[in-house]
Amino acid sequence: MISSTNSPSKPVIMDHRFSIAPMLDWTDRHCRYFHRLLSQHAVLYTEMVTTGAIIYGQGDYLAFNEEEHPVVVQLGGSDPKDMAHSAKLCQERGYDAININVGCPSDRVQNGMFGACLMAKPELVAACINEMRSVVDIPVTVKSRIGIDDHDSYQFLVDFVGTIAESGCNQFIVHARKAWLSGLSPKENREIPPLDYERVYQLKKDFPQLDISINGGVKTLADCLTHLQHVDGVMVGREAYANPLILAQIDAAIYNNPRVVPTPHQVVELMLPYIERQMAQGARFWHIARHMLGLFQGVPGARLWRRHLSEIGHLPTSGPQVMLDALKKVPQL
């Protein structure tokens, strides 16, 4: 699916028709392992990790499971040398691509000079990409908004993408809302600025050579298929987390791979050996189980499943048996 070479004359494009958005505190490696059981082809993203954490942090911020491929690490940063150093470490760890966060509007991110505020500094983003591409041969991509604050004209977006593309970046994920850098919380920035899908569609028309994915407000398979008539890929965020069964439709409907997808009950059974391995290495049961609360969304017994896991799963003594007990509350259809 992914080539191992990258050069200005032969761009590398990841098959990005469907992806799951990087979501802080949500899309950790346990979540991604779980999601991979439901779709073999969806591109998975890490939570955003900063260059400071990678270079100076005490923990291992780049750990992932081999089963997660294709998996992309999302970097937060704006110093070209630090971005290149971090990118090299990410490639050495085996990530399939590196994505630069140019879309998060939180104050903490702005104070670190990364996220959506970088839309006002396309030359700096381009410099980061040039440095990164000089030391890695996996794709370097950008995730952005359609604008920030009063810089929300279509021409602003065109100028931003055009400048970045000149650096050799050929894959963009565009959240079809602008971001307000002050006055709105990150949650409000996901809901209040209006969606403008047509602007992203137009961007693809004006940059046909680029691979452009759309993000924001995508909730159903029908939404995905509609967007794919206009752009190259669709990125789904919170809906994939709250209702993970949507992922069971992706391989057949989008990637034309009608494999036999495990039932929700089978997914639980497939997760049990993983939970046991991770707990043996020190992980807590709840840190894994919390990602599975929405597995039976819309299915009889879903509320009892969620309640049992939520009430008991966080206890220090909880383990796989808690999940088996919760599973008994959901009838097999």
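Below: a short report on this structure. (Residues numbered from 1 in each chain as written. Predicted model: local features only at pLDDT ≥ 70, side-chain atom pairs only at ≥ 80, totals over all residues. Heavy atoms only, no water.)

## Section: helix α6 (residues 154–165)
- In this model, α6 (12 residues) spans 16 Å end to end at C-alpha, consistent with the 16 Å of a helix rising 1.5 Å per residue.
- All of the buried residues along α6 are Phe 156, Leu 157, Val 158, Phe 160, Val 161, Gly 162 and Ile 164.
- On the buried face of α6, the contacting elements are β4 (97–102), α5 (122–133), β5 (140–145), β6 (171–175) and α8 (197–206). (Helix = DSSP H or I, 4+ residues; strand = E, 2+ residues; numbered from the N terminus. Expected span 1.5 Å × (residues − 1). Buried < 20%, exposed > 50% of the residue type's maximum accessible area, 1.4 Å probe, protein only. Contact = heavy atoms within 4.5 Å.)

## Comments concerning the packing of aromatic side chains
- What the rule picks out here adds up to 4 aromatic pairs.
- Ring centres of Phe 296 and Trp 305 lie 4.9 Å apart, and the angle between their planes is 75°; on these two criteria the pair is classed as edge-to-face.
- What makes Phe 296 buried here is its relative accessible area of 1%.
- By relative accessible area, Trp 305 is classed as buried at 0%.
- Of note, Arg 238 hangs over the ring of Trp 26, and the distance from its end group to the ring centre comes to 4.8 Å. (Phe/Tyr/Trp six-rings, centres within 6.5 Å; stacked < 30°, edge-to-face > 60°. Lys NZ or Arg CZ within 6 Å of the ring centre and 35° of its normal.)

## What to know about the layout of surface pockets
- Here the largest pocket defines a volume of roughly 770 Å³.
- Lining the largest pocket are 31 residues; nearest its centre among them are Pro 22, Met 23, His 175, Arg 190 and Arg 238.
- Of all the secondary structure elements, the ones that give two or more residues to the lining of the largest pocket are α4 (107–111), β5, α7 (186–189), β8 (233–236) and α10 (238–242).
- Considered class by class, the residues forming the lining of the largest pocket number 12 nonpolar, 9 polar and 10 charged.
- Lining the second largest pocket are 14 residues, with Asp 28, Glu 47, Asp 60, Tyr 61 and Ala 63 positioned closest to its centre.
- Within the residue set of the lining of the second largest pocket, elements represented by two or more residues are α1 (29–38) and β2 (44–50).
- Residues that form the lining of the second largest pocket fall into these classes: 7 nonpolar, 2 polar and 5 charged. (1 Å grid on protein atoms, 1.4 Å probe; cavity = no way out; pocket = protein on both sides within 12 Å on 5 of 7 lines; lining within 4 Å. Points joined across faces, edges and corners; volume = space filled by probe spheres on them. Nonpolar A, V, L, I, M, F, W, Y, C, P; charged D, E, K, R; others polar.)

## Points about the packing of α6 against α8
- Where α6 contacts α8, the axes come no closer than 11 Å and their chain directions differ by 45°. By the angle class used here, α6 and α8 are oblique. Note that α6 runs across α8; the crossing there is right-handed. Contact with α6, carried on its side by Tyr 154, Leu 157, Val 158 and Val 161, involves Arg 199, Gln 202, Leu 203 and Asp 206 of α8 and no other residues of that element.
- Taken together, the residues of the contact of α6 with α8 sort by class into 5 nonpolar, 1 polar and 2 charged. (Axes fitted to C-alpha atoms, helices over the stretch in contact; angles between N-to-C directions. Parallel < 35°, antiparallel > 145°, perpendicular 65-115°, else oblique. Left-handed = near helix turned anticlockwise from the far one by under 90°.)

## Quick look at unusual backbone geometry
- Between His 69 and Pro 70 the backbone carries a cis peptide bond, its omega angle lying at 0°.
- The residue Pro 70 is located in the loop between α2 (51–56) and β3 (71–76) in this model.
- Backbone geometry at Asp 25 places phi at a positive 75°, although glycine is not the residue there.
- For Asp 25, the location among the structural elements is in the loop between β1 (18–20) and α1.
- Non-glycine residue Asp 149 carries a positive phi angle of around 45°.
- Here Asp 149 lies in the loop between β5 and α6.

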